[in-house]
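Each chain, written out:
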Amino acid sequence: MVVFVIFMLTMMAGCDGYLDRPPYGVLTEDIFYKTPDQLLQGLTDAYNYLGASEFETPLFALGNIMTDDSEKGGGDINDQAAMYELSRFRAVASNAICLQLWTICYKGIYNCNIVIKKSIDVESINPQLVNRAVAEAKFLRGFYYFHLASTFGGVPLVLAPLLPSELQAERASFDATWDQIEKDFSEAAQALPLKSEYSGADLGRATSGAAYTMLSKAYLMRQKYAQAETALANVVLSNQYSLLDDYGKIFTKPYENGLESVFEIQHKNTQSSGGSEGTGLPRFCWSRKNGGWGFDCPTEDLKNELGTGDPRLIYTITFTGDVFGGNDVIDNSESPTGYHNRKIYLAPNERDNPINDQGYNIRYLRYADVLLLYAEVLNENNKPQEALSYLNAVRERARNTNPMDPKRTNQAIGITVDLPPVTVSNKDGLRTIIWRERRVELAMEYHRRFDLIRQQRFGQVMRAYATNYQNDKGSLFNDAYHNLAPIPAEEMDRSNGAITQNPGY
């Protein structure tokens with residue numbers, strides 16, 4: 001059965017991650033979880049899967065490449081063919097990216113369930129620490145299920161580390177799955193510390209702000225605007241976050257876990273070819289002419305949406321002729337669009353060795369994301385003037401951003417800043433403007449597909465993209481089923497048919 005396989009994989013394979021921990025080898029759950037410290041070590045394993053390539057690769061394949069923001073890139077269409085098939089809405093049940101995401105998320109969920117179960121045995125030793133660990137585990141479980149549900153729809157809900165004889169692998173309904181995600185995030189948000197209550201080695205752990213933000217996104221999947229407003233208000237009014245003064249600072253190492261950071265996937269360089277706690281994602285996305293593998297290439301459509309009046313353009317995209325520190329002259333000639341992702345690019349003088357072990361955090365939730373979500377729900381709840389204040393705060397920061405990237409010693413594209421404040425207060429008109437602002441502010445940060453799905457316009461946008469650019473990306477999109485990806489055939493087979501396939505696949 002599927003969860004038995006996941007259980008066995010989890011017990012046999014550990015994934016190095018972002019919090020330091022001593023190895024505990026072959027110790028089983030029955031004899032290991034005897035102290036709060038050991039519980040935290042088990043929690044570390046639950047975090048570890050976020051930083052695995054099996055999670056981060058689907059993150060950009062699904063979040064960017066399946067949308068109008070990005071083309072696959074790489075060597076040719078057969079280089080990471082599973083990504084190409086997803087991007088053309090031709091994926092089948094054997095798709096490797098879908099299997100990677102399914103497997104890694106259930107590994108993470110298993111570890112979360114162990115922590116929650118074993119917390120009972122050690123709670124009396126240090127109730128405050130153990131309760132926090134449980135809240136973190138619920139946040140992470142909700143996070144993994146969020147990615148499963150937004151990709152596959154209803155999935156098997158496994159809420160305890162069950163024995164094979166106890167397993168029931170059937171898929172839960174769409175609503176039941178999202179109900180559970182909301183429950184996990186809600187309970188986590190009420191119990192987790194504020195960001196300011198963490199320090200030192202604990203920086204980067206889940207916070208109440210991160211949980212409330214993810215809760216709002218779960219609410220928005222089903223257009224629960226009133227509940228989303230309440231969740232987001234908890235973040236905005238917490239006084240834990242603020243926008244950095246310059247957009248270009250966000251994606252630099254000195255500002256990791258900084259003022260604007262709500263949740264990041266943590267990485268550190270271990271200077272080792274084995275046991276990496278760094279990320280290989282930057283190399284995946286650098287230009288092939290500059291030492292990378294050339295994937296996840298921003299589209300002409302995204303470049304045009306940003307325009308040359310917005311400084312965010314140069315902090316989102318690299319252009320042929322740009323020169324960065326270490327005398328890295330950008331050559332994007334092998335990119336299918338001519339562009340690469342600036343937000344994941346590291347100049348030679350910023351890189352760690354080995355190149356696949358970068359100590360660079362993946363920015364997952366930023367305060368600008370929160371403010372734009374808040375503006376969106378306020379507008380939906382008929383509060384346009386309040387919505388405008390948060391929307392314009394994000395635009396003001398962009399307007400005040402340095403139009404000359406200090407990381408570049410030559411900048412191929414000039415920026416003449418033209419970002420006036422928004423004054424439109426008509427609900428429909430303001431909604432469209434906020435949606436556009438989310439696209440340009442969060443471009444190439446893995447949120448586009450989820451936004452288009454919850455906004456109920458994924459197919460409309462992708463078919464328009466295919467028409468406008470006269471290519472086959474989006475031309476096959478069928479509203480009846482392409483919001484979801486195919487359930488991995490391997491998992492359906494392991495469940496002996498208990499897990500059923502999504503329609504259309």
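First, a word on scope: everything that follows refers to the structure included in this document. Everything numeric in this text was worked out from a predicted model, so none of it was measured.

1. Examining the sheet that holds strand S6 (residues 328–329)
A sheet is described by the order of its strands in space; here three strands give the open sequence S6-S5-S9, paired in antiparallel fashion. Across the chains shown, the open sheet's two edge strands, defined by having one partner strand only, are S6 and strand S9 (408–410). Where strand S5 (residues 323–324) meets S9, two bridges bridge the pair, whose relative direction is antiparallel. Within S9, the position partnered with Val-323 by the bridge is Asn-410.

2. Regarding the packing of aromatic side chains
Working definition: an aromatic ring pair is given by the centre-to-centre distance plus the angle between the planes. Tallied over the full model, the rule gives 28 aromatic pairs. Taken together, the aromatic side chains of Phe-55, Phe-139, Phe-143, Tyr-144, Phe-185, Phe-263 and Tyr-364 make up a single cluster linked through ring pairs. Geometry around Tyr-360 places Arg-363 over its ring, the cationic atom sitting 4.7 Å from the centre. Above the plane of the ring of Tyr-465 lies Lys-473, whose end atom (NZ or CZ) is 6.0 Å from the centre.

3. Quick notes on helix H14 (residues 384–399)
For H14, spanning 16 residues, the distance from its first C-alpha to its last is 22 Å, which sits close to the expected 22 Å at 1.5 Å a residue. Against strand S8 (362–366), helix H13 (367–380) and helix H15 (427–441) lie the buried residues of H14.

4. Let's talk about the side chain of Asp-69
Relative to the helices and strands, Asp-69 resides in the loop between helix H4 (53–65) and strand S1 (70–73). If we ignore the near neighbours within four places in the chain, the residues touching Asp-69 are Asn-64, Cys-297, Pro-298, Thr-299, Leu-302, Arg-439, Ala-443, Met-444 and Arg-448.

5. A look at helix H9 (residues 208–221)
For H9, built from 14 residues, the straight-helix expectation of 20 Å at 1.5 Å per residue is met to within 8% by its first-to-last C-alpha distance of 20 Å. With respect to burial, H9 is a largely interior element, 14 of its 14 residues being buried. Downstream of H9 by a residue or two, Gln-223 has a phi angle that is positive, lying close to 55 degrees.

Basis of the calculations
Residues numbered from 1 in each chain as written. Predicted model: local features only at pLDDT ≥ 70, side-chain atom pairs only at ≥ 80, totals over all residues. Heavy atoms only, no water. Pairing = 2+ DSSP bridges. Helix = DSSP H or I, 4+ residues; strand = E, 2+ residues; numbered from the N terminus. Phe/Tyr/Trp six-rings, centres within 6.5 Å; stacked < 30°, edge-to-face > 60°. Lys NZ or Arg CZ within 6 Å of the ring centre and 35° of its normal. Expected span 1.5 Å × (residues − 1). Contact = heavy atoms within 4.5 Å. Buried < 20%, exposed > 50% of the residue type's maximum accessible area, 1.4 Å probe, protein only.

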